[in-house]
Structures are given as structure tokens and as C-alpha cells.
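Structure assessment
Listed below are the residues making up each chain.
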Amino acid sequence: MKYLIENCGCCGACVAVCSNKLLELNENEIIIREGCDNCGRCEIVCPLGAIIMEDSNEV
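These lines cover the structure that appears in this document, whether it is placed above or below. (Residues numbered from 1 in each chain as written. Predicted model: local features only at pLDDT ≥ 70, side-chain atom pairs only at ≥ 80, totals over all residues. Heavy atoms only, no water.)

1. Re the state of the cysteines
- Using the criterion set out here, one finds 0 disulfides in the structure.
- Looking at the unpaired Cys10, the closest cysteine sulfur is the one in Cys8, lying at 4.0 Å.
- Lacking any disulfide linkage, Cys39 is separated from the closest cysteine sulfur, that of Cys42, by 6.0 Å. (Disulfide = S-S within 2.5 Å.)

Next up, the structure:
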């Protein structure tokens, strides 16, 4: 997963959908802890495109 802090609006949508509870909302960024299984939920719900799954390929 790649986190683009410059795109992040700190809305917390990604935190709410993380099934492993690995994302935490800080004052001005998202903290990502180890253990991500790359489910992609956070990427799907991010309205600003701040989270990108590195292995996802545009076809």
C-alpha cells in the first residue's frame, strides 16, 4: 500500500473500513501499522485517492 499524505483529507473513511484495525487517524495524517493484508477496502473508500495498492494495475 502506498499512502499519499499530500492527497489525504484526514476524513477517516479508510480507518473505518480497515478490518484489521491497522489504520489510525492522527491530527494530520493516517498512521499505518504492520500487518496489512492488501484487501483494498481503504483504497476503494478514499475519496481523495490518498491510498493506492501498489500491486493494483490499471488495465
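Having seen it, we continue.
2. Digging into unusual backbone geometry
- Of note, the phi angle at Lys21 is positive, near 55°, even though the residue is not glycine.
- Of note, Lys21 is situated in the loop between helix H1 (13–17) and strand S2 (23–25).
- The residue Asn38 is not glycine, and still its phi comes out positive at about 55°.
- With respect to the helices, strands and loops of the structure, Asn38 is situated in the loop between strand S3 (30–32) and helix H2 (41–45). (Helix = DSSP H or I, 4+ residues; strand = E, 2+ residues; numbered from the N terminus.)

3. Considering the nonpolar core
- Judged by nonpolar contacts, Tyr3, Cys14, Cys18, Leu22, Leu23, Ile30, Cys42, Cys46, Ala50 and Ile51 together constitute the single largest core of 10 residues.
- Beyond its immediate stretch of four places on either side in the chain, Leu23 contacts Cys14, Val15, Cys18, Ile30, Ile31, Ile32, Arg33 and Cys42. (Core = buried A, V, L, I, M, F, W, Y, C linked by side-chain atoms within 4.5 Å. Buried < 20%, exposed > 50% of the residue type's maximum accessible area, 1.4 Å probe, protein only. Contact = heavy atoms within 4.5 Å.)

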